[in-house]
Amino acid sequence: MKKVKFIYNPFSGENAILNDIDTVIRLHQKKGYIVVPHRISFDIEIEKAFADIDNTYEYVIVAGGDGTVDTIVNLMKSMGIDLPLAILPVGTANDFAKFIGMSPNVEKACEQILNSTPVPVDIGRINEKYFINVASAGLFTDVSQKTDVNLKNTIGKLAYYIKGLEQLPNFRKLKVEVESDEFNFDGDMYLILVFNGQTAGNFKLAYKANAEDGQLDILIIKACSIRELIPLFIRIFKGEHLEDPNVIYFKTNKLRVECNEDIVTDIDGEKGPDFPLNIECIKGGLKILGINN
């Protein structure tokens, strides 16, 4: 029989996957698959999830949020595992899964996976790490990293907004240098986002992004007055902000970002590498199941 590696994060979201483990196994067994589960734990190295991987495995299912998916993608890349990946979006933030159209219902998502064929999609690489959805640097980019997991599980996305409000006193301009073949920027910003997907924190910020075009979508929020920020926020809610004069937007397959400010980077909700950042798009770098062909 064909095997499937099922890696689940019991701490994601409101521990939702714990109620659906049997659903995942039942639906796959019905299709002739043996499901080999691995529970993510603080007590066991995540690498052990793939200790038994061989050519009898058909694909990997990961149940969790963006951070969990990012961890598994990086692990697969570092171990040279080229199996298709399927995502069950059960985390607090599931931006990439929403982008590719995965149902938030575990049973429906499993049906999508089982009735699909692998589709090659782009992934980003930032220095030596990979990201599937977004890499960012600037103000508020480490909100997810600083938000207590228990708070996220209790009140969901609201926890991010509360933590973001706590950081308002740190609001300041940041000097940054961005270099690419398509566009260069040397000036003050508040935030830079490098998208492979479209959304961050449930906001569709890179609404022109396409995960199969070999390009990353870059958004730089330039430093401006509070008076100018208010109409920008309104345009963000309307989905019209890419044309705002205080937003620099372009597509590229490679860029370099340099910053000497005391800020951290973020990739898919997890801590990213230190500056300088060398970022590129790996076209077709990951095979995904569940996408409507």
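Note that the coordinates shown come from a computational prediction; the quantities given were computed from them, not determined experimentally.

> Go over the overall build of the protein with me, naming the residues and quoting the values.
From N to C terminus, the protein includes 8 helices and 17 strands. For the protein, the proportion of its 293 residues judged to be buried stands at 54%. Counting only carbon and sulfur atoms, one obtains 50% of the accessible surface of the protein, whose full area is about 13800 Å².

> Explain the packing of helix H1 (residues 21-30) against helix H4 (residues 106-114) residue by residue, including any values.
Running from N to C, H1 and H4 point in directions that differ by 30°, and their axes come no closer than 10 Å. Our classification of the angle between H1 and H4 gives roughly parallel. Handedness of the H1/H4 crossing: right-handed. Here Thr23, Val24, Arg26, Leu27 and His28 of H1 come into contact with H4, specifically with Val106, Glu107, Cys110, Glu111 and Leu114. In the contact of H1 with H4, the residues fall into 5 nonpolar, 2 polar and 3 charged.

> So what about the side chain of Asp122? Which residues, and what values?
Residue placement: Asp122 occurs in strand S5 (residues 119-126). Salt bridges are absent for the buried Asp122, whose nearest opposite-charge side chain, Lys283, sits at 4.6 Å. Among the polar contacts made by the side chain of Asp122, one reaches the main-chain amide nitrogen of Asp213 at a distance of 3.2 Å. A polar contact of 3.0 Å, which involves the side chain of Asp122, links it to the backbone nitrogen of Gly284. Excluding residues that lie within four positions of it along the chain, Asp122 makes contacts with Asn196, Asn210, Ala211, Glu212, Asp213, Gly214, Gln215, Cys281, Ile282, Lys283, Gly284 and Gly285.

> Can you tell me about empty space enclosed by the protein, naming the residues and giving the values?
What the rule picks out here adds up to 2 cavities of 30 Å³ or more. Roughly 50 Å³ of volume is contained in the largest cavity. Lining the largest cavity we find Val73, Met76, Lys77, Ile81, Asp82, Leu83, Gly285, Leu286 and Lys287. For the lining of the largest cavity, the elements supplying multiple residues, two or more each, are helix H2 (66-79) and strand S17 (277-289). Across the lining of the largest cavity, the residue classes break down as 5 nonpolar, 1 polar and 3 charged. Of the volumes computed, that of the second largest cavity is approximately 40 Å³. Taken together, Ile126, Ala135, Ser136, Ala137, Ile192, Val194, Val257, Leu277 and Ile279 form the lining of the second largest cavity. Secondary-structure elements contributing two or more residues to the lining of the second largest cavity are strand S7 (134-138), strand S9 (185-195) and S17. When residues of the lining of the second largest cavity are assigned to their parent elements, the largest contribution, 3 residues, is made by S7. Looking at side-chain class alone, the lining of the second largest cavity contains 8 nonpolar, 1 polar and no charged residues.

> So what about the packing of aromatic side chains? Which residues, and what values?
Going through the model one piece at a time under the given rule, you end up with 6 aromatic pairs. Ring plane angle 35° and centroid distance 5.3 Å describe the contact between Phe183 and Phe250, whose orientation is recorded as tilted. Highlighted residues: Phe183 in the loop between strand S8 (174-179) and S9 and Phe250 in strand S13 (residues 247-252), separated in sequence by 67 residues. A relative accessible area of 8% means that Phe250 is categorised as buried.

> Break down the pattern of salt bridges for me, citing the residues and quoting the values.
Where charged atoms from two side chains of opposite charge come close, those side chains can pair. Scanning all chains against the criterion turns up 11 salt bridges. Lys5 is the salt-bridge partner of Asp52, the closest N and O atoms lying 2.9 Å from each other. Of this pair, Asp52 sits in the loop between strand S2 (33-39) and strand S3 (57-64) while Lys5 sits in strand S1 (residues 2-8), placing them 47 residues apart in sequence. We classify Asp52 as partly exposed; its relative accessible area is 33%. Classification of Lys5 as buried rests on a relative accessible area of 3%. For the salt bridge of Asp213 with Lys251, the shortest nitrogen-to-oxygen distance reads 3.3 Å. You can see Asp213 sitting in the loop between strand S11 (203-204) and strand S12 (216-222) and its partner Lys251 sitting in strand S13, a full 38 residues away along the chain. What you see here is one network of salt bridges that share partners, running through Asp213, Asp217 and Lys251.

Calculation rules
Along each chain, residues carry numbers from 1 onward, in the same order as the chain's sequence is written. With the structure being a predicted model, the display of local features is reserved for residues of pLDDT at least 70 and the display and counting of side-chain atom pairs for 80 or more, all residues being used for whole-chain, interface and lining totals. Heavy atoms throughout the structure, all of them, feed into the side-chain values; hydrogens and water do not. Only DSSP runs of H or I reaching four residues or more are called helices, and only runs of E reaching two or more are called strands; each is numbered from the N terminus. Note on classification: 1.4 Å probe, protein chains only; a residue is buried when its accessible area is under 20% of the maximum for its type, exposed when over 50%, partly exposed between these limits. Using the Shrake-Rupley algorithm and a 1.4 Å probe, accessible areas are obtained, with residue cover drawn only from the displayed protein chains. To get an axis, fit a line to the C-alpha atoms, keeping to the stretch in contact for a helix; angles then go from 0 to 180 degrees between the N-to-C directions. Oblique is the label for any angle not covered by the other classes, which are roughly parallel (under 35 degrees), roughly antiparallel (over 145) and roughly perpendicular (65 to 115). In this scheme the handedness of a crossing depends on how the near helix is turned from the far one: anticlockwise by less than a right angle means left-handed, clockwise means right-handed. We call two residues in contact whenever any of their non-hydrogen atoms come within 4.5 Å of each other. Polarity classes work like this: nonpolar for Ala, Val, Leu, Ile, Met, Phe, Trp, Tyr, Cys and Pro, charged for Asp, Glu, Lys and Arg, and polar for all others, with Gly in that last group. Neither His nor the chain ends is counted toward charge; the positive residues are Lys and Arg and the negative residues Asp and Glu. We count a salt bridge whenever a side-chain nitrogen from Lys or Arg sits within 4 Å of a carboxyl oxygen from Asp or Glu. A 3.5 Å cut-off defines polar contacts: any pair of N or O atoms within that distance qualifies, except that in protein one atom must be a possible hydrogen donor and the other a possible acceptor, and neighbouring residues in sequence count only when both atoms are side-chain atoms. Using a grid of 1 Å spacing that covers the protein atoms alone, one calls a set of points a cavity when a 1.4 Å probe fits there but cannot get out, and a pocket when the set is open and has protein on both sides within 12 Å along at least five of seven lines; lining residues are those with an atom within 4 Å of a point. Grid points are joined across faces, edges and corners, and a volume is the space filled by probe spheres set on the points. For Phe, Tyr and Trp, where Trp contributes only its six-membered ring, two rings pair if their centres lie within 6.5 Å, and the inter-plane angle classes them as stacked under 30 degrees, edge-to-face over 60, or tilted in between.

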